[in-house]
Amino acid sequence: MPLKQAITGAEAIAYAMKQINPDVVAAYPITPQTPVVEYFAKYVADGVVDTEMIPVESEHSAMSAVVGAAAAGARAFTATAAVGLALMHEVVYIAASLRLPIVMAVANRALSGPINIHCDHSDAMAERDSGWIQLWAENVQEAYDFTVMAYRIAEHPDVRLPVMVNFDGFIISHSVEVVETLDDEVVKKFVGKPIKMYSLLDTSKPVTYGPLDLYDYYFEHKRQQIEAMKHVPKVFKQVAEEFAKISGRKYDLVDEYMADDAEYIMIALGSTAGTIKHTINELRKEGKKVGLVKPWMFRPFPKEEYQRILNGRKAVVVLDRSVSFGAEAPLYETIKSALYEVAVRPQLGSYVYGLGGRDITPNHIRQAFEDAFKGYLIVDEEKYLGLRE
Amino acid sequence: MAELKGWKDLPIGGLIIEPGNAKVYKTGTWRVMRPIYQAENCIHCMQCWLYCPDQAIVVEIVDGKPKMRGYNYYYCKGCGLCANVCPKSIDPKTKQPAPEEKRAIIMKPETDFAEE
């Protein structure tokens, strides 16, 4: 029977990993990720999992250790945040390039400097071109569910790519919510045995990982990664469908909230979507036709879905919790470029909010929607919510 | 040069799934200088074979003895070590570089063969 528990996002992810019982976990503590591996370390110490836990000396080593483990044929997991993810950066690319089905939970936190430990999305956005699949959770439940689903996507023979489960630092990682967890046996059966390919420890089929790859073949290997990404949406949908059967919760590439008849659509990643849903409920009572489109998957970016959903709307307001200095914010830029070819382009507006954990309130969201109602959106101008002038 | 495969025909991730496949990796296109074998001057001492850092020296065993039979240009990178260690590259009397027609190995710029 599914169990209702009041737990934090960090605990929920650790709980999912306990149920998955991975072969190797290598991690280095960093706020606000630390409780994920703290909770998991307790499972290791109590002997409820068989996992080999490697306390490493840095995040660069953590990712290197899980790369080695995954290449050997192990199911490997790590978790990090912010500058920890930045320190991994070199090996983050290698994990994807070597096509290793690693799963990593990222408690999204602002990149330094000046140093800041609170939520924004600059850490994950800096890795958006690394070749990892990026899933984005809105709450503790989604963080748990995506962790359960992640290996099924990563290990699929048509994919073979690592998966990053993003969950907002502190807002999700440290907030207690009531979540429904599945039975250990149900998760175990759903995740199944690892689908191994090219394991280093399979000595009957020797394989070399990471040889020099110059101008004669590197390009072809990148093309293979591009192709693997194209397979992800289909595989995600299959896995989501199976997951719905065991959980009753149905995931898709995008989460649409009150979007069917909405003239004004807001788009945002992560926990802010919850605040937007609340604000939409209020605005609906006032007769405003507003809705939310939340990317559950940001990489690969399922462009066609957005073209289908957003074509012909009056306005689309995109909220970004990170910036691209000297260019448009990452989510906005992606949406804007997707809409280039649609038949009836909506008005577009870009709002940056919440950097370094700055609070975002229903009033901010209302303000952005009202700009859209009044036709104040300017396609080429970035605006800011909750910033002092 | 060996035929290069397209992305659909390669193992993923740059993995090498056949051991010992350096043999099929032809590196001869790196060559700037090409060694030319002049069999009539060769004493088959095998110094070239001993010093060659790749698999470029073709050897045939005749009556249990090794015979130099020229170059495998798929592997020769033109380093010139063979010509350098070849005893026929030096005139025994003058201890100076031997004239080209007396040597067993001479190095020619690859551009001389550009049309091949």
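The notes below deal with the structure included here. The shown structure was predicted, so the numbers you read here are calculated from the model rather than taken from an experiment.

With that out of the way, let us pick up the nonpolar core. Among the nonpolar cores identified, the biggest contains 127 residues, and V66, I153, V165 and V317 of chain A are the most heavily contacted of them. Take this core: its biggest share by element is ten residues, from helix α6 (residues 140-154) of chain A. Residues in contact with V66 of chain A, not counting those within four places in the same chain, are V24, A26, A76, F77, T78 and I102 of chain A. Counting 15 residues, the second largest nonpolar core, distinct from the first, contains Y37, C48, C52 and I105 of chain B.

Residue and element names in this part refer to chain A. Between the first and last C-alpha of helix α2 (residues 34-45) there are 16 Å, a value that for twelve residues agrees with the 16 Å anticipated at 1.5 Å per step. All of the buried residues in α2 are P35, V36, V37 and F40. Residues of α2 that are buried make contact with β1 (3-8), α1 (9-20), β2 (24-27), β4 (76-80) and β5 (103-108). Phi turns positive one or two residues past the end of α2, at G47, with a value near 75 degrees.

Residues and elements named next belong to chain A. For β5, the buried fraction is high: six of the six residues fall into the buried class. Covered by surrounding structure in β5 are V103, A105 and A107 together with M104, V106 and N108, the residues of both alternating faces. Across four bridges, the pairing between β4 and β5 is parallel. The residue bridging A79 from the neighbouring strand is A105, located in β5. Handedness of the crossover joining β4 and β5 through helix α4 (residues 82-97): right-handed. Bridge count for β5 against strand β7 (residues 163-168) is six bridges, and the pairing is parallel. Looking at β7, one finds that N108 is bridged to D168.

Cut-offs used in this document
- Residues numbered from 1 in each chain as written.
- Chains lettered and ligands numbered in written order.
- Predicted model: local features only at pLDDT ≥ 70, side-chain atom pairs only at ≥ 80, totals over all residues.
- Core = buried A, V, L, I, M, F, W, Y, C linked by C-beta atoms within 7 Å.
- Buried ≥ 20, exposed ≤ 12 C-beta atoms within 10 Å, placed from the backbone.
- Helix = DSSP H or I, 4+ residues; strand = E, 2+ residues; numbered from the N terminus.
- Contact = placed C-beta atoms within 7 Å.
- Expected span 1.5 Å × (residues − 1).
- Pairing = 2+ DSSP bridges.
- Right-handed = clockwise from strand over helix to strand, strands pointing away.

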